[in-house]
Amino acid sequence: KMKVSVIIPIYNRQKYLARCFDSIINQTESDLEIILVDDGSTDGSGTICDDYAKKDKRFRVLHKKNGGVSSARNSAIDMMSGSYCCFVDSDDYISKNYISLLLNNLKSYCCDISVCGLSKTENDKNSDKVIILDCREAQLSLFNEADGIKGYIGGKLFKTDIIKKNNIKFDEEQTLAEDLLFLFDYLLCCKSENTVCVSDNMLYYYEKSSDGALMA
C-alpha cells in the first residue's frame, strides 16, 4: 500500500478551508487519505469539513472537543492508515505536485523523511537540487535557520511505521516548538544512512495570519 495520510488540524479557520482542501483534492498523487480534525471549532469549519467528506470519499472527519493543535494532530495519528503521512495547517495550502515530489524523492533516495521548501507565495520555481543529510546532520540543521530541514512540520513527508512503532506524538503540554520536538523525536528513531532528502522546490504555501499560527 502506498497511500499517503494528509493530516489537517482545524480550529475556527472557515475562510481558509476551501483553498486548503481544494489544493489537496487537486494533487497529482491521488491515493490519499485526508484526515480533518475539527478541534471544537465554533465557526462554520465543522460543517465545511462534513460537506467535503460528502463529496470526496478520501476525506475522513473527526469532530472533537477543543484540545489544541497537538491534541488534534495526535488524534489523527491514531486514525491514520497510510504508509506515509504529512501535516498541513488549515490556513495553508500546497502545490499540486507537493505530495508526488516528496514521495518520489523519499523513494528515490531511500530516506526516512522527505522535505521541500515553504513560501508565502505560490512559487513555480522548478529545481532538481536535492541535498541528503544523515541523522546527525539533520538534527543539527533543525537549529540552523540557514539550511537543512527547519523546525516546522510543514513541507515534510514521514514514514508512518516509524511514527507508529516508536509511538511518536506531539507534546500536548507544549505550546511552543511542538513541531521541533516531534521532528527531533522522529529523527532519533531513523535508521537509514540517508535520513533526510531536502528538495530546493518551495511547494508548501503558508499563511501568516494576523493571529499567528493555528490557535487553540
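Only a predicted model underlies this, so the values are computations on that prediction, with no experimental measurement involved.

What counts and what doesn't
Residues numbered from 1 in each chain as written. Predicted model: local features only at pLDDT ≥ 70, side-chain atom pairs only at ≥ 80, totals over all residues. Heavy atoms only, no water. Helix = DSSP H or I, 4+ residues; strand = E, 2+ residues; numbered from the N terminus. Buried < 20%, exposed > 50% of the residue type's maximum accessible area, 1.4 Å probe, protein only. Polar contact = N/O pair within 3.5 Å; in protein donor to acceptor, adjacent residues only side chain to side chain. Disulfide = S-S within 2.5 Å. Salt bridge = Lys/Arg side-chain N within 4 Å of Asp/Glu carboxyl O. pLDDT = per-residue confidence, 0-100. Contact = heavy atoms within 4.5 Å.

> I keep staring at the side chain of Ser100 and nothing clicks. Help me out?
Its place among the elements puts Ser100 in helix 4 (residues 98–108). On the basis of relative accessible area, Ser100 is assigned to the buried category, the value being 15%. Among the polar contacts made by the side chain of Ser100, one reaches the main-chain carbonyl oxygen of Asn97 at a distance of 3.2 Å.

> Even after reading the chapter, I still don't get the state of the cysteines, so can you show me in this structure?
Cysteine pairs can be linked by a disulfide, which is a covalent bond between their two sulfur atoms. According to the stated counting rule, one finds zero disulfides in the structure shown. The thiol of Cys49 is unpaired, and the distance to the nearest cysteine sulfur, on Cys20, comes to 9.5 Å. Note on Cys49: relative accessible area 0%, which makes it buried. The structure places no disulfide on Cys189, whose sulfur is separated from the nearest cysteine sulfur, that of Cys190, by 7.2 Å. Note on Cys189: relative accessible area 18%, which makes it buried.

> Just to check I follow, could you spell out the pattern of salt bridges for this structure?
Side chains that carry opposite charge are capable of pairing whenever their charged atoms lie near each other. Tallied over the entire structure, the rule returns 11 salt bridges. With a shortest N-O distance of 3.2 Å, Asp89 and Arg73 are connected by a salt bridge. With Asp89 in the loop between strand 4 (84–87) and strand 5 (93–94) and Arg73 in helix 3 (residues 69–79), this pair connects stretches of sequence that are 16 residues apart. Take Asp89 and Arg73: they sit in the same class, and that class is buried. Among the ionic contacts, a cluster of salt bridges with common partners joins Arg73, Asp89 and Asp179.

> Help me understand the confidence of the model for the protein in this model?
Low-pLDDT portions of the prediction should not be read for the details of their coordinates. Of the residues in the protein, 94% reach a pLDDT of 70 or more, and the chain-wide mean stands at 91. Counting contacts from residues 210–216, a segment whose pLDDT is below 50, to residues more than four positions away or on other chains yields 15 contacts.

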